[in-house]
Amino acid sequence: MPEFLDEAAAIESTTVGIYRTAATVKGGRRFSFSAMVVVGDRNGSVGIGYGKANQVPPAIEKAQKEARRRMKNYPLIGRTIPHGVEGRFGACRIRLVPASPGTGVIAGAAVRAPLEMLGVQDCLTKSFGSNNAKNLVKAVINGLEQLRSREDIERLRGVQLEKTEVEDSIERGQVFMPVASEGADDFASAGEQTAKPAEMSEPVPAAEPVASTEDAGSDK
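Reading guide: rules and limits
Residues numbered from 1 in each chain as written. Predicted model: local features only at pLDDT ≥ 70, side-chain atom pairs only at ≥ 80, totals over all residues. Heavy atoms only, no water. Helix = DSSP H or I, 4+ residues; strand = E, 2+ residues; numbered from the N terminus. Buried < 20%, exposed > 50% of the residue type's maximum accessible area, 1.4 Å probe, protein only. Contact = heavy atoms within 4.5 Å. Areas by Shrake-Rupley, 256 points an atom, 1.4 Å probe, with all protein chains shown as cover. Axes fitted to C-alpha atoms, helices over the stretch in contact; angles between N-to-C directions. Parallel < 35°, antiparallel > 145°, perpendicular 65-115°, else oblique. Left-handed = near helix turned anticlockwise from the far one by under 90°. Nonpolar A, V, L, I, M, F, W, Y, C, P; charged D, E, K, R; others polar. Pairing = 2+ DSSP bridges. Salt bridge = Lys/Arg side-chain N within 4 Å of Asp/Glu carboxyl O. Core = buried A, V, L, I, M, F, W, Y, C linked by side-chain atoms within 4.5 Å.

*Asks:* Explain the overall build of the chain to me, and be specific about the residues and the numbers.
*Replies:* A count of helices and strands for the chain gives 7 helices and 9 strands. Within the chain, the fraction of its 220 residues that count as buried is 31%. In the chain, the proportion of contacts linking residues at least 24 apart, taken out of those at least 6 apart, comes to 57%. Surface accessibility of the chain: about 14,600 Å² in total, with carbon and sulfur atoms responsible for 51%.

*Asks:* I'd like a rundown of the environment of Val85, residues and numbers included.
*Replies:* Topologically, Val85 is positioned in strand β6 (residues 85–89). Exposure remark for Val85: the relative accessible area of 8% places this residue in the buried category. With 58 residues separating them along the chain, Val85 and Gly143 place their C-alpha atoms 5.7 Å apart.

*Asks:* So what about the packing of helix α2 (residues 109–118) against helix α3 (residues 133–144)? Which residues, and what values?
*Replies:* Contact geometry for α2 and α3: axes closest at 8 Å, N-to-C directions at 40°. As judged from the angle between their axes, α2 and α3 are oblique. Two packed elements cross with a definite hand, and for α2 against α3 that hand is right-handed. On the side of α2, the interface is formed by Ala110, Val111, Pro114, Leu115 and Leu118, while α3 contributes Ala133, Leu136, Val137, Val140, Ile141 and Leu144. Residues of the contact of α2 with α3, tallied by class, amount to 11 nonpolar, no polar and no charged.

*Asks:* With reference to specific residues and values, describe the sheet that holds strand β5 (residues 72–73).
*Replies:* Strand order in the open sheet formed by 5 strands is β1-β2-β3-β4-β5, with antiparallel pairing between adjacent strands. The sheet terminates laterally at β1 (3–6) and β5, the two strands that pair on one side only. Bridge analysis of strand β4 (residues 45–53) against β5 gives 2 bridges, and the strand direction is antiparallel. Looking across to β5, one finds that Val46 is bridged to Lys72. Sheet strands in contact with helix α1 (residues 56–69) are β1, β2 (11–25), β3 (28–40) and β4, and its direction is about 145° off that of β4. In the packing of α3 onto the sheet, contacts are made with β2, β3 and β4, and the angle to β4 comes to roughly 150°.

*Asks:* Requested: an account of the pattern of salt bridges, with residues and values cited.
*Replies:* In this structure the tally under the stated criterion is 11 salt bridges. For Arg42, the salt bridge goes to Glu12, with nearest N and O atoms at 2.9 Å. Of this pair, Arg42 sits in the loop between β3 and β4 while Glu12 sits in strand β2, placing them 30 residues apart in sequence. By relative accessible area, Glu12 is classed as buried at 11%. A salt bridge links Glu86 to Arg93, with the nearest nitrogen and oxygen atoms 3.0 Å apart. Sharing partners across several salt bridges, the network here consists of Glu86, Arg88, Arg93 and Arg95.

*Asks:* Break down unusual backbone geometry for me, citing the residues and quoting the values.
*Replies:* Residues other than glycine seldom take positive phi values, yet Arg42 does so here, at roughly 60°. By relative accessible area, Arg42 is classed as partly exposed at 35%.

*Asks:* An account of the nonpolar core is requested, with residue identities and associated values reported.
*Replies:* Val38, Val46, Leu96, Val111, Leu115, Val140 and Leu144 are the most contacted members of the largest nonpolar core, which totals 26 residues. Not counting the four nearest positions on each side in its chain, Leu96 is found in contact with Ile81, His83, Gly84, Val85, Leu115, Cys123, Leu124, Thr125, Val140 and Leu144. Core analysis: the second largest hydrophobic core is formed by 9 residues, Ala35, Val37, Ala63 and Ala67 among them.

*Asks:* Tell me what's going on with the pairing of β4, and back it up with residues and numbers.
*Replies:* With 7 of 9 residues buried, β4 lies mostly within the body of the structure. Pairing geometry for β3 and β4, over 8 bridges, is antiparallel. Residue pairing in the sheet places Val38 in a bridge with Ile48 of β4. Count of turn residues in the β3/β4 antiparallel hairpin: 4 residues, of which Arg42 carries a positive phi of about 60°.

Set out below in C-alpha cells:
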C-alpha cells in the first residue's frame, strides 16, 4: 500500500520488495535486510531507492531518502506516455506502449509500481528475459529516461510535428469517458429530498370503527 511521505508535496512511497541476507559468523548467522522503494508524486515525477540495514524499518527509510534524492520529471501526455519505448537493465527488457483512456496499467507488481507513482493510468507493458523485480524496476526507469515530449522533438529537429497517433487515440477515448453532468447532480439532490423520513409529512387521520353484524342484531 502506498504511504504519504510529504502530504504538502503529495509525495507517495511504495515498497517493491524486502530482501533478507544471512552471513555466517563464528557465533551463528547474522541477518541483514534490504528494501527497494519507489517514490513519486503521481504528476510526472518518480524516483527509486535501495537501502540496507540490520532491521526492516531503517532499510525502508534509507531507501525512501535515496528515492527522494533521485526523483526526476518525465514527460506525459494526458494519462499515458507520449510514445513507445523499450528499457533495459541487465538481462531484463521491458516494453512500454501508450494506451487509450480507460485501458488501465497492464503490468505486473514490479513494473506497475513506478508507472503508478509517475501518474500513468493507461499503459501496456511486456517484459522479456529475467523477471527479477529489482532489475525490472530499473529497466522501467531506463525506458522512462528515453521519453521525449512533443516540444523537445520539435526543438531538436527544428520542425513542426503533426498530430500523433497517440494524441488521436486519446481524443477518441475521451468521448467515451464518463463525465459528471449537472443533470446527474440535480437528480441526486431530488432523490435525497424524496428520501426524507415519513414523520415529516402530515399525519393521516385514523379511520372510524365499523359496526359488525352481530352488534347490529343485538340492538334489535
